[in-house]
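Below, each chain spelled out in residue letters.
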Amino acid sequence: MAITLLFVFVLAAFVGYFVITKVPPLLHTPLMSATNAISGISLVGSLVLAGADRGTLATLLGFIAVTAATINVVGGFLITDRMLKMFKQRLPGGQAGGSEVAAPGQEKP
Amino acid sequence: MLALLLQLPETAGHAAAPGPGMGLRDVGIQLTYLAAGVLFILGLYSLTKPARAQRGMQLAALGMLLAVIGTLLHQHIVRFEWIIGGLLLGTAIGYPLGMFVPMTAMPQRIAISHMFGALAATLVGVAEYQLHAAGPSHATMAALGFEVMFGALTITGSFMAFGKLQGFITGTPITWRGQNAINLTLFAATFGIFAYLIVSPDHPVLFYAMVVMSLAIGVLMVLPIGGADMPVVVSLLNSYAGLAAAATGFAIGNTVLIVCGALDGASGFLLSVLMSKAMNRSFGNVLFGAFGAAPTGAAAAEIGDRQVRSVTAEDVAVQLAYAREVIVVPGYGMAVAQCQHQVRELASQVEKRGGTVKYAIHPVAGRMPGHMNVLLAEANVAYDRLYDLEEINDQFEQADVVLVIGANDVVNPAAKSDPASPIYGMPILNVDAAQSIVVLKRSMAAGYSGVENELFYHDRCAMLFGDAKSSLQQLITDIKEV
């Protein structure tokens with residue numbers, strides 16, 4: 001059982017390492033806020049704790065944990081989205097567009 | 001490899017199942033976790049291409065929603081009032097943190113978010129320990145130990161980092177005699193307790209002592225770290241928050257937590273390694289060797305009575321107006337002066353006159369990985385104008401003018417030429433190869449490392465003294481009149 005979980009951990013870490021190696025420095029801040037939002041998955045554990053009715057202390061700790069994890073999930077995904085929107089589009093002449101039309105395929109020299 | 005990884009959660013999910021078999025409900029839950037895991041990896045993968053990153057992360061958010069819905073089907077969940085309360089309160093706090101925090105406050109925003117993640121993991125760990133009446137099994141205790149140790153030190157460490165970045169805790173390193181010895185002793189003691197608990201888990205007093213000591217380690221770890229080393233620390237805390245989540249997964253037998261924790265941990269680890277490399281320092285050196293107190297006597301004496309050349313905004317405006325190739329080097333000073341919009345406006349003026357403007361971004365410019373990129377993107381600078389150290393370094397030769405805005409150590413030639421310098425060996429931007437260098441600077445104060453910058457005494461370097469924002473505004477006015 002524990003060894004299977006270790007498999008999952010090590011392989012996921014490898015996938016993470018190789019995927020994240022390819023993220024350009026340009027997007028390192030959104031990467032941090034994205035992994036942060038994703039680590040809000042602690043919510044899954046917190047939900048069971050808050051709803052399992054295993055005593056007042058467990059429920060209280062679960063409630064605080066649900067709140068903290070939800071802050072990360074909601075805030076994390078929203079702020080990542082806001083940042084990525086800024087990096088999404090560009091216009092000719094070095095100006096990035098807000099929500100206007102994007103110039104097609106201007107590649108770096 | 002991906003396929004192999006993603007099949008595992010189904011088989012590993014038995015911990016949630018009551019008996020040896022797996023009910024339909026459990027299969028359903030595990031499938032939502034599987035989908036969430038896939039979507040998270042796709043989301044992170046989308047970050048390799050700026051144009052599709054936003055859509056990719058929206059898919060990841062969908063994955064999170066699926067995982068939450070799946071969890072709510074869990075048979076152990078019998079009451080929903082506290083769950084709903086927590087979700088509502090968390091949303092009420094998280095929404096403004098996501099929507100209204102300005103981009104200029106991003107470093108502290110990221111730092112504090114690690115605290116929330118670690119808090120959730122730690123509380124789950126404490127409750128799990130409490131709920132095992134006769135103490136948990138050895139394996140579970142090992143997982144819980146890692147969970148609360150990483151969690152607790154991330155809670156306080158992130159809060160300290162937040163305080164330093166927000167400015168209510170001083171950004172200069174706080175050090176005292178024997179600091180490293182005290183920290184190491186505390187660390188060893190905490191680990192000793194942890195080892196003892198694995199052998200003999202049923203010692204609540206020791207367990208809580210370990211939590212408290214880990215909280216103390218978080219504070220002590222960040223106190224001696226100065227502002228410019230923040231990128232490493234923030235990434236490291238990112239990694240720890242992930243590891244705490246992964247340990248939670250081990251403790252409660254939940255695979256999606258392990259997958260996410262591993263992704264997060266790997267990401268934070270990779271970023272800290274990149275940041276350390278960009279400063280040519282080891283982890284250990286960043287964590288244990290506050291370097292604000294570096295001796296500067298020799299360097300200062302060597303420079304002696306050499307004079308810097310000071311210029312007026314008018315002169316610089318003329319240079320910029322006729323330049324074909326301009327490279328802007330932003331640093332933390334740009335973030336402090338919040339002048340990214342003026343930088344962009346000046347760049348458009350140069351471009352209007354037929355010049356091109358590129359931005360050279362050093363990996364550790366600012367207070368977190370990617371800090372400068374976010375600020376410039378906020379000012380509507382297109383991302384294909386932002387260049388990394390390796391991409392831009394051989395282009396300085398062709399540059400007519402280099403504008404250094406609030407950067408210091410990352411352009412200090414001593415990193416290449418002076419083995420006695422504390423920043424020796426750090427990769428720097430080769431601005432001294434350019435035809436003309438203009439440094440926007442408030443005063444002649446040394447950079448964060450406390451090292452004199454020889455660049456300022458370079459024949460082709462001129463200083464434009466003053467607040468970066470007003471200097472830039474003056475430049476914009478003047479260039480329009482050229």
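Residues numbered from 1 in each chain as written. Chains lettered and ligands numbered in written order. Predicted model: local features only at pLDDT ≥ 70, side-chain atom pairs only at ≥ 80, totals over all residues.

Topic: helix α19 (residues 468-481) of chain B
Residues and elements named next belong to chain B. Note the cut-off: Each helix corresponds to a stretch of at least 4 residues labelled H or I by DSSP, and each strand to a stretch of at least 2 residues labelled E; elements are numbered beginning at the N terminus. What a helix is expected to span follows from its residue count: subtract one and scale by 1.5 Å. Buried means a residue has 20 or more other C-beta atoms within 10 Å of its own C-beta, exposed means 12 or fewer, and partly exposed covers the counts in between; C-beta atoms are placed from the backbone. The directions considered for the arc run from the helix axis to the C-beta atoms. The contact criterion used is a C-beta to C-beta distance within 7 Å, with each C-beta placed from the backbone.
Here α19 contains 14 residues, and its C-alpha end-to-end distance of 20 Å stays within 8% of the 20 Å for a straight helix at 1.5 Å per residue. Ala468, Ser471, Leu472, Leu475 and Ile479 are the residues of α19 that are buried. Down the axis of α19, the smallest arc covering the buried residues is 95 degrees, so these residues share one side. Every exposed residue of α19 that faces more than 90 degrees away from the buried side is listed here: Lys480 and Glu481. Taken together, the buried residues of α19 touch α13 (313-322), α14 (332-337), α15 (340-352), β4 (401-405), β5 (436-441) and β6 (461-465).

Brief notes about the packing of helix α2 (residues 24-46) of chain B against helix α3 (residues 50-72) of chain B
Residues and elements named next belong to chain B. How we decide: Here, axes are lines fitted to C-alpha atoms. For helices the fit covers the stretch in contact, and angles between N-to-C directions go from 0 to 180 degrees. Orientation categories follow fixed angle ranges, with anything under 35 degrees roughly parallel, anything over 145 roughly antiparallel, 65 to 115 roughly perpendicular, and all other angles oblique. Helix crossings get a hand from a simple test, with the near helix turned counterclockwise from the far one by less than a right angle marking a left-handed crossing and a clockwise turn marking a right-handed one.
α3 packs onto α2 with a crossing angle of 165 degrees between their chain directions and a minimal axis gap of 8 Å. Comparing the axis directions of α2 and α3 gives the class roughly antiparallel. Here the hand of the crossing between α2 and α3 comes out left-handed.

Focus on the confidence of the model for chain B
All names here are of chain B. Spelled out, the test is: A residue's pLDDT is the confidence the predictor assigns to it, expressed on a 0 to 100 scale.
Per-residue pLDDT for chain B averages 87, and the proportion of residues at 70 or more is 90%. pLDDT under 50 marks residues 1-19. Its contacts with residues more than four places away, or in other chains, come to 40 contacts. Predicted confidence is poor over residues 290-303, with pLDDT under 50, and the contacts of this stretch with residues over four places away or in other chains come to 28 contacts. For this predicted complex, the interface confidence score (ipTM) comes to 0.86, while the overall pTM stands at 0.86.

What to know about helix α4 (residues 56-88) of chain A
Between the first and last C-alpha of α4 of chain A there are 47 Å, a value that for 33 residues agrees with the 48 Å anticipated at 1.5 Å per step. The element α4 of chain A is largely enclosed, with a buried count of 27 among its 33 residues.

With respect to the sheet that holds strand β1 (residues 325-330) of chain B
All names here are of chain B. Worth spelling out the cut-off: For two strands to be treated as a pair, DSSP must find at least two bridges joining them.
Read across the open sheet, the six strands follow the order β3-β2-β1-β4-β5-β6; overall the sheet is parallel. Both edges of this open sheet fall to β3 (386-388) and β6, since each of them pairs with a single strand only. Across the sheet, the mean angle from the axis of one strand to that of its neighbour is 25 degrees, orientation sign disregarded. Here β4 runs beside β5; their pairing, made up of five bridges, is parallel. Across the sheet, residue valine 402 finds its bridge partner in β5, namely isoleucine 437. In the packing of helix α16 (residues 371-378) onto the sheet, the strands contacted are β1, β2 (356-361) and β3, and the crossing angle to β2 comes to about 150 degrees.

Things to note about the interface of chain A and chain B
Here is the rule: Three classes are used, and their members are as follows: Ala, Val, Leu, Ile, Met, Phe, Trp, Tyr, Cys and Pro are nonpolar, Asp, Glu, Lys and Arg are charged, and the others, Gly among them, are polar.
Each side of the interface is counted separately: chain A has 84 residues, and chain B has 114 residues. Looking at the side of chain A that touches chain B, the elements that each hand over two or more residues are α1 (2-21), α2 (28-39), α3 (42-51) and α4 of chain A. Top contributing element to the side of chain A that touches chain B by residue count: α4 of chain A, with 30 residues. Counted by class, the side of chain A that touches chain B contains 50 nonpolar, 26 polar and eight charged residues.

A word on the pairing of β5 of chain B
All names here are of chain B. With five of six residues buried, β5 lies mostly within the body of the structure. Where β5 lies against β6, five bridges are found, and the strand directions are parallel. When the bridges of β6 are listed, valine 439 appears paired with methionine 463.

Notes on the confidence of the model for chain A
Summary statistics for chain A give a mean pLDDT of 83 and a share of 80% for residues scoring 70 or more. Taken together, the stretch residues 91-109 of chain A has pLDDT below 50 and engages in 31 contacts with residues farther than four places along the chain or on a different chain.

Structural notes on the environment of alanine 51 of chain B
Residues and elements named next belong to chain B. Relative to the elements of secondary structure, alanine 51 occurs in helix α3. The class of alanine 51 is partly exposed, set by 15 C-beta atoms lying within 10 Å. Residues alanine 51 and glycine 171, 120 residues apart in the sequence, show an inter-C-alpha distance of 36 Å.

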